[in-house]
Amino acid sequence: MFKKVLGFFSNAIGIDLGTANTLVYLKGKGIVMREPSVVAIHNDTRKPIAVGAEAKKMLGRTPGTISAVRPMKDGVIADFEISEHMLRYFIEKVARKTLFAHLSVVIAVPYGITPVEKRAVLDSAQRAGADVAVTLAEPIASALGIGLPVGESAASMIVDIGGGTTEVAILSIGDIVHAKSIRVGGDELDASITNYVKRAYNLDIGPRMSEEIKIRIGSAVKLDEELRMEVRGREKNGLPHSLSIGSEEVREAIGENLNQIVDAVREALDHSPPELAGDILTRGIALAGGGSQLRGIDKLISDATGVPVFVGDDPMCAVVNGTGRFIEDNHWRGR
Ligand SMILES: Nc1ncnc2c1ncn2[C@@H]1O[C@H](COP(=O)(O)OP(=O)(O)OP(=O)(O)O)[C@@H](O)[C@H]1O
Ligand SMILES: [Mg+2]
């Protein structure tokens, strides 16, 4: 069956439909698109006005008639109508450039989505212009994308810290031995920072500000040189205000979320058969996803588990690069 599907992949794209970012890989070309998973819609007509980076600029600052929506939540489609608009926009944008006659699409989906959700994603892709659509489990995709030896019997472990979820998986012989997805990712960290700033300083900050704080001064472990930055928001009296905050404070704000990620990794290690645990101890745990770029998260996980941890190359592109490997590599016969 799979050989037959792969035979069609002459015109093929791979898509990572993420909570925070959507990326598209075009066969023979590599990554051709990378945009925030945001759609701006007209409130009355629900017609999309902007998609991607342009729509993200509108998050938190739209006038009454427009809403900027993120159609993916916790790694899965939360709003089908809008996510389909987004998918169509991305597929058409790529397809226009290449004048595809026949288009096959590989979509990476979180491990553990239900068959109904999977069907819905595939239907959405077909309505958005795909002639053939298949899904690929995200942990397999991200492991392929960072070049782990997924097909070997020796086990690999991958932790993908995305915007909506963190997926922890142990892989062996091209398949998932154990996987767990928790609804803690970059978005949760941002929310914790927003709450902290509100609690500590009575300052309201928007989602883009909290993400900026996390990226610029966030850390998972104590830093040799702690960082500070200027934060802008709105005070209780409604007036704009700015103040300086430090990386120690941000660490305190996100500490509980990071513990949940560490617990999920520990639990996966506990569940792995002894031989596989031995492989992982030798090979280390690979990190992927945007959240793996948080300062010191590799050290935090390594200290907590006693297993070496490394951040994969180009971690935000791991999943989409994995769909690319899947499309390009004719030897791959996984699921
Ligand atoms: N340098 C950084 N430090 C910390 N977090 C970062 C950094 N760069 C990006 N991020 C975070 O990574 C997240 C996005 O990662 P990614 O693109 O892998 O998610 P996604 O695939 O869209 O989400 P999901 O896999 O949950 O559906 C965002 O929360 C973003 O704030
Ligand atoms: Mg992801």
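Definitions and cut-offs
- Residues numbered from 1 in each chain as written.
- Chains lettered and ligands numbered in written order.
- Predicted model: local features only at pLDDT ≥ 70, side-chain atom pairs only at ≥ 80, totals over all residues.
- Heavy atoms only, no water.
- 1 Å grid on protein atoms, 1.4 Å probe; cavity = no way out; pocket = protein on both sides within 12 Å on 5 of 7 lines; lining within 4 Å.
- Points joined across faces, edges and corners; volume = space filled by probe spheres on them.
- Helix = DSSP H or I, 4+ residues; strand = E, 2+ residues; numbered from the N terminus.
- Nonpolar A, V, L, I, M, F, W, Y, C, P; charged D, E, K, R; others polar.
- Domains from an automatic or database assignment.
- Pairing = 2+ DSSP bridges.
- Axes fitted to C-alpha atoms, helices over the stretch in contact; angles between N-to-C directions.

Chemist: Please explain the layout of surface pockets as it appears in this structure.
Modeler: In this approach a probe as big as a water molecule rolls over the atoms, and the regions it shows empty are the leftover space. In this model, the largest pocket occupies a volume close to 1100 Å³. Together, 48 residues line the largest pocket, and Ala20, Gly162, Gly163, Gly186 and Asp187 are the ones closest to its centre. Only strand 2 (21-26), strand 7 (72-73), strand 11 (156-161), helix 6 (186-201), helix 7 (207-217) and helix 11 (318-328) provide two or more residues apiece to the lining of the largest pocket. Taken together, the residues that form the lining of the largest pocket break down as 17 nonpolar, 15 polar and 16 charged. When we break the lining of the largest pocket down by domain, the ones giving at least three residues each are domain 1 (2-142 + 318-328) and domain 2 (151-312). Put simply, the second largest pocket is a space of about 330 Å³. Lining the second largest pocket are 13 residues, with Ile205, Gly206, Arg208, Met209 and Arg232 positioned closest to its centre. Elements with a minimum of two residues in the lining of the second largest pocket: helix 7 and strand 15 (228-235). For the lining of the second largest pocket, the leading source of residues is helix 7, giving 4 residues. Shared between two domains, the lining of the second largest pocket holds at least three residues of each, these being domain 1 (2-142 + 318-328) and domain 2 (151-312).

Chemist: I would appreciate a short explanation of the sheet that holds strand 5 (residues 48-51) in the present structure.
Modeler: To summarise the sheet geometry, strands pair through backbone hydrogen bonds and adopt either a parallel or an antiparallel arrangement. Taken together, 3 strands build an open sheet; the order of strands is 5-4-6 and the sheet is antiparallel. Looking along the sheet, the strands with just one partner apiece sit at the ends: strand 5 and strand 6 (66-69). The mean inter-strand angle of the sheet, taken between neighbouring strand axes irrespective of direction, is 20 degrees. The sheet contact formed by strand 4 (residues 39-42) and strand 5 spans 3 bridges and is antiparallel. Each bridged residue has a counterpart across the sheet, and for valine 39 the counterpart in strand 5 is valine 51.

Chemist: Any chance you could explain the sheet that holds strand 1 (residues 12-17) here in plain terms?
Modeler: The 5 strands are arranged 3-2-1-9-10 in an open sheet whose pairing can be described as mixed. Sheet topology places strand 3 (30-36) and strand 10 (132-137) at the edges, where each strand pairs with a single neighbour. On average, each strand axis in the sheet is tilted by 20 degrees relative to the strand beside it, whichever way the strands run. Sheet topology places strand 9 (residues 104-109) next to strand 10; 6 bridges connect them, and they run parallel.

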